[in-house]
Amino acid sequence: MADGTLSIKRTITVRAVVTPRWKEDAERELSSALAGSDSQLAQLEQEGQQLVDEIRRQSANPLDPRVQEQVGSVQQQVAAKRAELEEQKRQMLEQQRQVRDLEMEQIVEQGQIESFCEVRVGDNLVEKLQAAVLVRDGVIEALEGAD
């Protein structure tokens, strides 16, 4: 700061131009994530059932209220995790629908990255913090607020 400048971290919005390639990539990513979600759900169900079976197998009396309580607890945990995974899947399906509905050449927010910039007395901080990168199929087309 001896030279009157200060380096600060800022978030840069990455915007993408919708192209056939961009749509294909987005579809592929979402389809892969959905497949992963389905496999997580199947694994959850299998592991939950195995745990319930193990609890019952280790018990002298599977109808004992304590055993039933343990089984109920496992089933509640599985149901809560299932609901969480199903909500994530629902959100991914909604994103997939939104991607399909996008028009070519439309600009969409794709994410954020961080960088540093120099500020000094007299700079407009709001303008310095509002930076964006526009990409088309991964190639930078424009920089906004890059100074």
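It should be noted that the structure appears before, not after, this text.
Residues numbered from 1 in each chain as written. Predicted model: local features only at pLDDT ≥ 70, side-chain atom pairs only at ≥ 80, totals over all residues. Heavy atoms only, no water.

Asker: Help me out: how do you make sense of the overall build of the protein in this one?
Answerer: The helix and strand tally for the protein stands at 3 helices and 4 strands. Walking the protein from its N terminus toward its C terminus, one meets helices and strands in the order β-α-α-β-α-β-β. For 147 residues, the compact-globule estimate of 2.2 N^0.38 gives 15 Å, and the protein exceeds it by more than 25% at 25 Å. Seen along its three principal axes, the alpha-carbon backbone of the protein occupies a region of about 75 × 45 × 20 Å. Sorting the 147 residues of the protein into buried and exposed places 29% on the buried side. (Helix = DSSP H or I, 4+ residues; strand = E, 2+ residues; numbered from the N terminus. Rg over C-alpha atoms; globule rule 2.2 N^0.38 Å. Buried < 20%, exposed > 50% of the residue type's maximum accessible area, 1.4 Å probe, protein only.)

Asker: Can you walk me through helix α2 (residues 65-101) in this structure?
Answerer: Each α-helix turn comprises 3.6 residues. Residues three or four places apart therefore point the same way. Across its 37 residues, α2 extends 53 Å between first and last C-alpha, which sits within 8% of the 54 Å expected from 1.5 Å per residue. At its buried positions, α2 is contacted by α1 (20-58). (Expected span 1.5 Å × (residues − 1). Contact = heavy atoms within 4.5 Å.)

Asker: I tried to follow the packing of α1 against α2 on my own but got confused; where do I start?
Answerer: The relative placement of two packed helices is expressed as an angle between their axes plus a distance between the axes. Running from amino to carboxyl end, α1 crosses α2 at an angle of 170°, the nearest separation of the two axes being 10 Å. One element, α1, and the other, α2, form an angle in the roughly antiparallel class. (Axes fitted to C-alpha atoms, helices over the stretch in contact; angles between N-to-C directions. Parallel < 35°, antiparallel > 145°, perpendicular 65-115°, else oblique.)

Asker: It is not clear to me how the layout of surface pockets should be interpreted in this structure. Could you clarify?
Answerer: Summary: where empty space remains is shown by rolling a probe the size of a single water molecule over the atoms. In this model, the largest pocket occupies a volume close to 420 Å³. Secondary-structure elements contributing two or more residues to the lining of the largest pocket are α1, α2, β2 (107-120) and β3 (131-136). Counted by class, the lining of the largest pocket contains 7 nonpolar, 4 polar and 6 charged residues. (1 Å grid on protein atoms, 1.4 Å probe; cavity = no way out; pocket = protein on both sides within 12 Å on 5 of 7 lines; lining within 4 Å. Points joined across faces, edges and corners; volume = space filled by probe spheres on them. Nonpolar A, V, L, I, M, F, W, Y, C, P; charged D, E, K, R; others polar.)

Asker: Hey, could you run me through the sheet that holds β2 in this one?
Answerer: Each strand in a sheet pairs with its neighbour through backbone hydrogen bonds, running either in the same direction (parallel) or in the opposite one (antiparallel). In spatial order, the strands read β2-β1-β3-β4; together these 4 strands make up an open sheet with mixed pairing. The two strands at the open ends of the sheet, each matched to only one other strand, are β2 and β4 (139-144). Direction aside, the axes of adjacent strands within the sheet are offset by 25° on average. Bridge analysis of strand β1 (residues 5-17) against β2 gives 13 bridges, and the strand direction is antiparallel. Directly across from Ile-8, in β2, lies its bridge partner Cys-117. (Pairing = 2+ DSSP bridges.)

Asker: Explain the pairing of β3 here, please?
Answerer: Sheet faces and side chains relate simply in a regular strand, where the side chains alternate between the two faces. When you tally the buried positions in β3, you get 5 out of 6 residues, the bulk of the element. The sheet contact formed by β1 and β3 spans 5 bridges and is parallel. Along β3, the bridge assignment pairs Ala-16 with Val-135. Bridge analysis of β3 against β4 gives 5 bridges, and the strand direction is antiparallel. Paired with Leu-134 across the bridge in β4 is Ala-142. Here β3 folds back onto β4 in antiparallel fashion, the turn holding 2 residues, of which Asp-137 has a positive phi close to 50°.

Asker: Is there a simple way to explain the nonpolar core in this structure?
Answerer: As a rule of thumb, soluble globular proteins bury nonpolar side chains together. Ala-16, Val-18, Trp-22, Val-99, Leu-102, Val-108 and Val-135 are the most contacted members of the largest nonpolar core, which totals 15 residues. Mapped onto this core, the elements with two or more residues apiece are β1, α1, α2 and β3. The biggest single contributor to this core is α1, with 4 residues. Look past the residues within four positions of Val-135 in its chain and what remains in contact with it is Val-14, Arg-15, Ala-16, Val-17, Gln-110, Ile-140 and Glu-141. Ranked by size, the runner-up nonpolar core spans 9 residues in total, among them Val-67, Val-74, Val-78 and Leu-85. (Core = buried A, V, L, I, M, F, W, Y, C linked by side-chain atoms within 4.5 Å.)

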